[in-house]
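Each chain, written out:
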Amino acid sequence: MPSQIEGSQAVARAVTLCRPQVIAAYPISPQTHIVESLSDRVRTGELAGCEYLMVESEFGAMSACIGASAAGARSYTATSSQGLLFMAEALFNASGLGLPVVMTVANRAIGAPINIWNDHSDSMAMRDSGWVQLYAESNQEAVDLHAQAFRLAETLSVPVMVCMDGFVLTHAFEQVELPSQEQVDDFLCPFVPQQALDPDDPVTIGAMVGPEAFAEVKYLMHAKQVAALDEVPRVAHAFRESFGRPSGGLLKPYRLEDADTVVVTLGSTLGTVEEVVDGLRDDGLRVGALGITCFRPWPLTEVREALGRAARVVVVERAFAVGAGGIVGQNTRDALRGLPAQVYDVVAGLGGRPITRAGVRSLVDDVLGDRLDPTRLHFHDLDHALVQRELERSRHGARPGPHAEHMLRALGTVASGVHDGAPG
Amino acid sequence: MAFQQLKLYQTGTFVAGNRLLDPEQRTVQARTGRSNSLTSGHRACRGCGEALGARYVLDAAMRATDGQLVAVNSTGCLEVFSTPYPESSWQLPWLHSLFGNGPAVASGVAAALRAQGRDHIRVIGQAGDGGTVDIGFGALSGMFERNDDVLFVCYDNEGYMNTGVQRSGATPPAARTANTKALGPEPGNAFGQGKFVPLIAMAHEIPYVATATVADLHDLEHKVETAMRFRGARYLHVFVPCPLGWGAASEDTVKLARLAKESGLFPVLEAEHGELTDVSPIRRQVPVEEYLRPQKRYAHLFGDPGRPDVVARLQARADRTIARFGLLPEGED
Ligand SMILES: Cc1ncc(C[n+]2csc(CCOP(=O)(O)OP(=O)(O)O)c2C)c(N)n1
Ligand code: SF4
């Protein structure tokens, strides 16, 4: 029976059902409700046999998960934004050591300027950390992906992050089908580590490796990620068999059959895009959507397969590589190499700015009307006047001062309460 | 006969024990059955105090735990010289993650063992002074305040040796390091900086804090055994001379450790739950100069014209430490 439940609570329940043995976490919005709820569940005994460490930082959280996982315990943490970046060094370490830690990332923008609202710049910044990255479209999928994440992580001995949009999902109350303990127990075998700290069989973990074998160790990491491209669909299939609903997998094609224009996106934006696609289809336009559930490893062949027949591919992403362009866009272009498709890089929804149906619709209209330059990075919904004013100001005077504060003043949000048009 | 000939015997790899001692009084290191946790063949410099300290500590801990021990190691000399791929000197389960996270990783291991119902297996975390007092300090303090069941051991060689002898928060004043050279009017490391982490550990009121040196093997082993009798967070700060970084003779490691203690520069103490419980008194006080002179890191103090003023400041530091911890028995100071 579905429950009406907040996304964070649903995820905390899902994680509880996965029976982690060690949780180490540090609070940061919008992840907090998840870890608070898990703390309650450990205290009440609902999550039995679990040690919950209230660490001194996210770096400590990931480090404790590394230690716990190396000692053979199923380990979990959750974070967002600044917290994820504070973990950066340990993220690469966990993957380098092949430790199957599972983490929820409640996606949030990275400062400066500090901003607590949703975008994907945190997990995207960590895209090369050697973690599998799965993006949830809905709270139902966030719940389902956690069970899949533990299974995937422990099968391949790789760490997995489940990314869910901060606030948009974490704080939204929705109908969610929560699995039963028996279902999850059937789906997840007990964790058998590939290597563990054990006095009866002492091994050295984390030795120094020089030029003679470093590339080989890294190659094996890559090979595992490549193996995940097979394993992710396998786990999703097994999930469907056990739970009776589709969830996870590499990609989510939507009305792609004969589509000549496809909008590619990740996370909760997919739902909005799908609705826009329905409207465009009603208007007789051959438009489809492609959701990327698994961004790392990058399903290059599958993306090429899914988009190979399209003439225009519009990649709408909530992050970008500053000074370079789109991130998912670049990967998509790579997948389409040699094919005629035109790829448009669109940055949208930064720092919590909503991506609306009307916005996506006008974007697709612009693409169809050849009003978007495919050679340039496009910032959706950008307040060009505001940017121009600030650029103009900086041209005069040697000390223009802080941009963010000037722009907020120009918008009337400083010293006058929150302006209606302010982001977030 | 004016002196008695010692009768030494060999126990395994290069260790000699005193046959005249009652077997029960012999050190763990002198026993044939010692675990050799850090076995021979590693790449430490000759006379490395850190290698010596780690070997004493781990063998004593192995004995105290009946071999049920796991070690977590931060990045640093000890990690690098013991595990050049594909070799390892560790004969116990050993995990290295990063430079700054040793205490947190150890906390995670301890939590896992508790969750698995295997907490008869005990956890040691170990790092150099850089990994302990500087970059790992937040994690260390967190481990302390949560009172996680970890013995964290700092091998204090007073600098970042692995990266080529730079200053750490435990480098003493006036010492020359690669980034505090003997240049300018205030040569070497600055006065008025740095920290003595055992006192900060005590401020956490954890069950057990102790300091020791590699000069007193019995004392060091005893402290490890004592630490292992407690549950919760424990801290052991071991003074370990580094011949390479200090510019000292390899054969002087133990002597320098003894002089650091006997000059009063390094206090050897024990504390429980935040209260000082014991100090090792100075047996034969020496002026700091006797400790400083054999080390090239202090050579600028003894050249021509030398810096007697700086030596006097270091002596004042030792005197203050002696007074503060009562290191000289009544009537001797
Ligand atoms: C985050 C990070 N910063 C810097 C380094 C470089 N580094 C490795 S070991 C080390 C110094 C180790 O000093 P210490 O902990 O005192 O141990 P020692 O080598 O003296 O035994 C440094 C600076 C690193 N590995 N990681
Ligand atoms: S540099 Fe110092 S601490 Fe490092 S191995 Fe050599 S003697 Fe030991």
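The rules we used
- Residues numbered from 1 in each chain as written.
- Chains lettered and ligands numbered in written order.
- Predicted model: local features only at pLDDT ≥ 70, side-chain atom pairs only at ≥ 80, totals over all residues.
- Heavy atoms only, no water.
- Salt bridge = Lys/Arg side-chain N within 4 Å of Asp/Glu carboxyl O.
- Helix = DSSP H or I, 4+ residues; strand = E, 2+ residues; numbered from the N terminus.
- Buried < 20%, exposed > 50% of the residue type's maximum accessible area, 1.4 Å probe, protein only.
- pLDDT = per-residue confidence, 0-100.
- Contact = heavy atoms within 4.5 Å.
- Near = heavy atom within 4 Å.
- Nonpolar A, V, L, I, M, F, W, Y, C, P; charged D, E, K, R; others polar.
- Polar contact = N/O pair within 3.5 Å; in protein donor to acceptor, adjacent residues only side chain to side chain.
- Areas by Shrake-Rupley, 256 points an atom, 1.4 Å probe, with all protein chains shown as cover.
- UniProt positions renumbered as here; feature names shortened; annotations may be inferred.
- Domains from an automatic or database assignment.
- Buried area = accessible area lost by both parts, 1.4 Å probe.

A.B. asks: Which residues make up the pattern of salt bridges, and what values do they have?
C.D. replies: Applying the stated criterion across every chain, the model contains 35 salt bridges over all chains. Between R286(A) and D260(A) there is a salt bridge whose closest N-O contact spans 3.7 Å. Of this pair, R286(A) sits in the loop between α10 (269-282) and β12 (287-292) while D260(A) sits in the loop between β10 (251-254) and β11 (261-265), placing them 26 residues apart in sequence. By relative accessible area, which is 42% here, R286(A) ends up partly exposed. Here D260(A) falls in the partly exposed class, since its relative accessible area comes to 22%. Taken together, the shared-partner salt bridges in this structure form one network comprising R122(B), D149(B), R231(B) and R234(B).

A.B. asks: Any chance you could break down the confidence of the model for chain A for me, citing the residues and the numbers?
C.D. replies: When pLDDT is averaged along chain A, the result is 95; 97% of the residues meet or exceed 70. Across residues 416-424 of chain A, where pLDDT falls below 50, the model places eight contacts with residues more than four positions away in sequence or in other chains.

A.B. asks: Any chance you could break down the site of ligand 2 for me, citing the residues and the numbers?
C.D. replies: All names here are of chain B. Around ligand 2 sit A44, C45, C48, C77, F81, N157, M161, C242, P243 and L244, and those are all the residues in its vicinity. Mapped by element, the contributors of at least two residues to the shell around ligand 2 are α2 (77-82) and α8 (243-246). For the shell around ligand 2, the class distribution of residues is nine nonpolar, one polar and no charged.

A.B. asks: So what about the site of ligand 1? Which residues, and what values?
C.D. replies: For ligand 1, the set of nearby residues contains 17 residues, the closest of which are E50(B), C77(B), G130(B), G131(B) and G159(B). This site is not confined to one chain, since residues near ligand 1 come from chains A and B. Between an oxygen atom of ligand 1 and a side-chain N or O atom of D129(B), the distance comes to 3.2 Å. N162(B) is positioned such that a nitrogen or oxygen atom in its backbone is 3.0 Å from an oxygen atom of ligand 1. When the free accessible area of ligand 1 is taken as 580 Å², the share hidden by the protein chains comes to 77%.

A.B. asks: Which residues make up the UniProt feature "domain: Thiamine pyrophosphate enzyme TPP-binding" (unreviewed entry) in chain B, and what values do they have?
C.D. replies: Here the UniProt feature "domain: Thiamine pyrophosphate enzyme TPP-binding" (unreviewed entry) sits at residues 75-238 of chain B. A distance of 17 Å separates the end C-alpha atoms of residues 75-238 of chain B, which is 34% helix and 17% strand.

A.B. asks: Hey, could you go over unusual backbone geometry for me, with residue numbers and the actual values?
C.D. replies: Most peptide bonds adopt trans geometry, and most residues besides glycine take a negative phi value. Cis geometry is adopted by the peptide bond preceding P30(A), which originates at S29(A) and carries an omega value of 0 degrees. With respect to the helices and strands, P30(A) occurs in the loop between β2 (22-25) and α2 (32-44). Along the chain, Y85(B) connects to P86(B) via a cis peptide bond; the corresponding omega equals 0 degrees. Locating P86(B) in the fold gives a position in the loop between α2 and β4 (94-96). For E158(B), which is not glycine, the phi dihedral falls at a positive 60 degrees. Inspection of the secondary structure puts E158(B) in the loop between β6 (150-156) and α6 (197-203). Here the phi dihedral of E205(B) falls at roughly 55 degrees; this positive angle occurs in a residue that is not glycine.

A.B. asks: Describe the domain arrangement of chain A, naming the residues involved and giving the relevant values.
C.D. replies: All names here are of chain A. According to the domain assignment, chain A consists of domain 1 (3-199 + 206-243) and domain 2 (251-379). Relative to domain 2, the C-alpha centre of domain 1 lies at a distance of 27 Å. On the side of domain 2, 24 residues touch domain 1, which itself brings 25 residues to the contact. Both sides of the domain 1 and domain 2 interface together cover about 1,900 Å² of buried area, and 59% of this is carbon and sulfur. It is R127, E137 and L229 in domain 1 that bury the most area against domain 2; as a group they hold 31% of the surface buried on that side. The partner of R296 in a salt bridge is D128, with the nearest N and O atoms 3.6 Å apart.

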